Amino acid sequence: KIQNPNFDLAARKFQYRFELYGNGGKLIYTARGESFLYAGEIRHLTEVVEASFLEAEETKLFLESPEWVKTENFKRPLLALQEVRITKENEIVRADGRLVNQDAGRLPRVELIAVIYGYLGQPVGVSRSEIHDMAPGEGRAFSIIHPDLPSLVPTKTEISAFALRP
């Protein structure tokens, strides 16, 4: 989870790197990506890793080369999550709902992230999905699935949607 405490500046683009460390502090995996962050925004960065890396003892996140711009030149699109339902069936946790593009422009790609928390309030699972080419005013159904784990509390699932204007 990252946060931009600036309300006057946004990062139009930045690079990030996750490093996973195993036994004895040995680097076992690196995932790199590029993203954006609107003024005042709090969001999750996610990367898919192989199951063999799930036993990592430590994860470090590095943010690099932010391209800062004034808020008025990089405004967050208006998105609405509606009718969100979280269910658990056949060892799958599923988040279903509807996403509406309330913005004036077409959005080429919208990322939906589900963070599932455990009994102690800690994040224990994350999954994501994408919706492509959303017209202004358009609404679409979405589903995000995650395998059930003993420590997951499905009712403590947080759904977020993020999009970059073209």
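Going along each chain's sequence as written, the residues are numbered from 1 onward. Only residues with pLDDT of at least 70 get local features here, since the model is predicted, and only at 80 or more are side-chain atom pairs given and counted; chain-wide, interface and lining totals rely on the full set of residues. The side-chain values count all of the structure's non-hydrogen atoms but skip hydrogen atoms and water molecules.

Asks: Requested: an account of the sheet that holds strand E12 (residues 152-163), with residues and values cited.
Replies: Reading across the sheet, the three strands line up as E10-E9-E12 and stay open at both edges, with antiparallel pairing between neighbours. The sheet terminates laterally at strand E10 (123-134) and E12, the two strands that pair on one side only. Neighbour-to-neighbour, the strand axes of this sheet turn through a mean angle of 20 degrees, independent of strand direction. Strands were regarded as paired on the criterion that DSSP finds at least two bridges between them. Strands are runs of DSSP state E lasting at least two residues, helices are runs of H or I lasting at least four, and both sets are numbered from the N terminus onward. As judged from the eight bridges shared by strand E9 (residues 107-118) and E12, these two strands associate in the antiparallel manner. For Val-110, the partnering residue across the bridge sits in E12 and is Ala-163. Helix axes use the C-alpha atoms of the stretch in contact, all axes being lines fitted to C-alpha atoms, and the angles between their N-to-C directions lie in the range 0 to 180 degrees.

Asks: How would you explain the layout of surface pockets if you had to name every residue and give the values?
Replies: Lining residues are defined by having an atom within 4 Å of a point belonging to a cavity or pocket. Those points lie on a 1 Å grid over the protein atoms alone, cavities being sets where a 1.4 Å probe fits but cannot get out and pockets being open sets with protein on both sides within 12 Å along at least five of seven lines. Grid points are joined across faces, edges and corners, and a volume is the space filled by probe spheres set on the points. Of the volumes computed, that of the second largest pocket is approximately 310 Å³. For the second largest pocket, the lining is made up of 21 residues, of which Glu-34, Ser-35, Phe-36, Arg-109 and Glu-111 are closest to its centre. Secondary structure elements with two or more residues in the lining of the second largest pocket: strand E2 (9-21), strand E3 (27-37), E9, E10 and E12. The greatest single-element share of the lining of the second largest pocket, amounting to four residues, is contributed by E9. Each residue gets one of three labels, nonpolar for Ala, Val, Leu, Ile, Met, Phe, Trp, Tyr, Cys and Pro, charged for Asp, Glu, Lys and Arg, and polar for the others, Gly among them. Its residues assigned to classes, the lining of the second largest pocket comprises eight nonpolar, three polar and ten charged.

Asks: Would you mind going over empty space enclosed by the protein in detail, with residue names and values included?
Replies: Tallied over the entire structure, the rule returns one cavity of 30 Å³ or more. Here the largest cavity defines a volume of roughly 40 Å³.

Asks: Hey, could you go over the packing of aromatic side chains for me, with residue numbers and the actual values?
Replies: Aromatic ring pairs are defined here through the distance separating the ring centres and the angle between the ring planes. In this scheme Phe, Tyr and Trp rings, the latter by its six-membered ring, pair at centre separations within 6.5 Å, and the angle between planes marks the pair as stacked below 30 degrees, edge-to-face above 60, and tilted otherwise. Applying the stated rule across the entire model yields four aromatic pairs. Between Phe-14 and Tyr-16, the aromatic rings sit 6.5 Å apart at their centres with planes inclined by 55 degrees, giving tilted as the arrangement. For the pair Tyr-16 and Phe-18, a centre-to-centre distance of 5.7 Å together with 75 degrees between the ring planes defines the contact as edge-to-face. Here the two residues Tyr-16 and Phe-18 agree in accessibility, since each one is buried. One aromatic cluster is present, formed by Phe-14, Tyr-16 and Phe-18 through successive ring pairs. Between Arg-17 and the ring centre of Phe-62, over which it is positioned, the NZ or CZ distance is 4.3 Å. We count a charge as sitting over a ring when the NZ of a lysine or the CZ of an arginine lies within 6 Å of the ring centre and within 35 degrees of the ring normal. Over the face of the ring belonging to Tyr-21 we find Lys-60, whose NZ or CZ atom lies 5.0 Å from the ring centre. Note on classification: 1.4 Å probe, protein chains only; a residue is buried when its accessible area is under 20% of the maximum for its type, exposed when over 50%, partly exposed between these limits.

Asks: Kindly report on the side chain of Asn-4, identifying the contributing residues and their values.
Replies: Position of Asn-4 among the secondary structure elements: in the loop between strand E1 (2-3) and E2. With a relative accessible area of 1%, Asn-4 lands in the buried category. Within the structure, the side chain of Asn-4 is placed 2.9 Å from the backbone nitrogen of Asn-6, a separation counted as a polar contact. Pairs of residues are marked as contacts when any of their non-hydrogen atoms sit within 4.5 Å. Discounting residues that sit within four places of it in the chain, Asn-4 has contacts with Leu-9, Ala-10, Ala-11, Leu-37, Tyr-38, Ala-39, Gly-40, Glu-41 and Trp-68. Distance and chemistry together define a polar contact, namely a pair of N or O atoms within 3.5 Å, with one atom able to donate a hydrogen and the other to accept it when in protein, and with adjacent residues in sequence counting only for side-chain atoms on both sides.

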